[in-house]
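Spelled out from the first residue to the last, the chains are:
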Amino acid sequence: MPTTFYNWKIGGEAGYGIMNTAGPIFAKTLLRGGFFVFIYSEYPSLIRGGHNTMQAAVSSKPINAVYSQLDQLVALNWHTVVMHQDEVKKGGVVIYDADNSRMPPLTGTHTVKKAKNKVKLRQDIKFIPVNFTKIAEETGGDKIMKNMAAVGAALRQFKVQSPLQFGGQAKSKVDLLEIGREVIEDVFESKGQGIVKANQRVLEAGYNSIRN
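Residues numbered from 1 in each chain as written. Predicted model: local features only at pLDDT ≥ 70, side-chain atom pairs only at ≥ 80, totals over all residues. Heavy atoms only, no water.

A. Layout of the packing of aromatic side chains. Under the criterion given, the structure shown has five aromatic pairs. Ring centres 4.7 Å apart and planes at 75 degrees place the aromatic pair Tyr6 and Phe158 in the edge-to-face group. Remark: Phe158 occurs in the loop between helix H5 (146–157) and helix H6 (163–166) and Tyr6 occurs in strand S1 (residues 5–13); sequence separation between them is 152 residues. By relative accessible area, Tyr6 is classed as buried at 11%. For the pair Trp78 and Tyr96, a centre-to-centre distance of 5.4 Å together with 75 degrees between the ring planes defines the contact as edge-to-face. Taken as a pair, Trp78 in helix H2 (residues 78–84) and Tyr96 in strand S5 (residues 88–97) lie far apart in primary sequence, 18 residues in all. Exposure class is identical for Trp78 and Tyr96. Each is buried. One aromatic cluster is present, formed by Tyr6, Phe35 and Phe158 through successive ring pairs. For Lys146, the ring lying beneath its charged end belongs to Tyr16, and the centroid distance is 4.4 Å. (Phe/Tyr/Trp six-rings, centres within 6.5 Å; stacked < 30°, edge-to-face > 60°. Helix = DSSP H or I, 4+ residues; strand = E, 2+ residues; numbered from the N terminus. Buried < 20%, exposed > 50% of the residue type's maximum accessible area, 1.4 Å probe, protein only. Lys NZ or Arg CZ within 6 Å of the ring centre and 35° of its normal.)

Written out as structure tokens, the structure is:
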């Protein structure tokens, strides 16, 4: 099979489980789906509301680095779109929270002037709005779970055939949604079945929000 590379990044406010929940669950799902995965985390903000990102490079062959251009950017807030849309390769995808599309006030090196210059959306990439916050509140009961809605949407948009299918180890198409549900079970098992089921529901709702 040909070697496949896919670069993914998720970004948003500190406190929404980007570094320790959403990013790792996305990566573990693809790992169990037969891919090789290399992750890179920027040092998180120590202040709730600061900007965090996590990046995953996915390949059909062993990989030991991430790449500069992204195939998919997942934005839990508009700040992430503004800061990182230039990293998305031509023809790539940005999945963003339609419930949180207000440009936040910026300070320091991220000046208002700079933000206004960069807020224009690129025309050579695809922008997909998903109501992460609404999905989390209505399906899981808490907006903190919008990271799971984002992971679900990201998995749906990940349209790369698993190496397991080429190698004959999988008799049918690898179901990333089902694998993601299993990963959530493992990650949240200690918190009880209520939390597990709620996160699984939100993951599935986020997955189904993307129409192919």
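B. Quick peek at helix H4 (residues 132–140). Of all the residues in H4, the buried ones are Phe132, Thr133, Ile135, Ala136 and Gly140. Seen end-on, H4 carries its buried residues on one side only, within an arc spanning 165 degrees. If you follow the buried residues of H4, they end up packed against strand S4 (70–75), S5, strand S6 (126–130), H5 and helix H8 (193–208). Phi turns positive one or two residues past the end of H4, at Gly141, with a value near 90 degrees. (Arc of directions from axis to C-beta. Contact = heavy atoms within 4.5 Å.)

C. Local environment of the side chain of Asn147. Secondary-structure assignment places Asn147 in helix H5. Overall, Asn147 belongs to the buried group, its relative accessible area being 5%. Non-local contacts of Asn147, meaning those with residues more than four positions away in its chain, are made with Tyr16, Gly17, Thr21, Ala22 and Leu76.

D. Spotlight on the packing of H5 against H8. The interhelical angle for the contact between H5 and H8, taken along N-to-C directions, is 45 degrees, at an axis separation of 6 Å. Between H5 and H8, the interaxial angle falls into the category oblique. Crossing handedness for the pair H5 and H8: right-handed. Note on element contacts: H8 touches H5 through Asn199, Val202, Leu203, Gly206, Tyr207 and Asn208, opposite Met148, Ala149, Val151, Gly152, Ala153, Leu155 and Arg156. (Axes fitted to C-alpha atoms, helices over the stretch in contact; angles between N-to-C directions. Parallel < 35°, antiparallel > 145°, perpendicular 65-115°, else oblique. Left-handed = near helix turned anticlockwise from the far one by under 90°.)

E. Just the confidence of the model for the protein chain, in detail. When pLDDT is averaged along the protein chain, the result is 86; 82% of the residues meet or exceed 70. Throughout residues 104–109 the model reports pLDDT below 50, and contacts reaching past four residues in sequence, or to other chains, amount to six contacts. (pLDDT = per-residue confidence, 0-100.)

F. Spotlight on the side chain of Gln157. Looking at the secondary structure, you find Gln157 in helix H5. Setting aside residues up to four positions removed in sequence, Gln157 forms contacts with Tyr6, Gln72, Val93, Ile95, Ile128 and Ile210.

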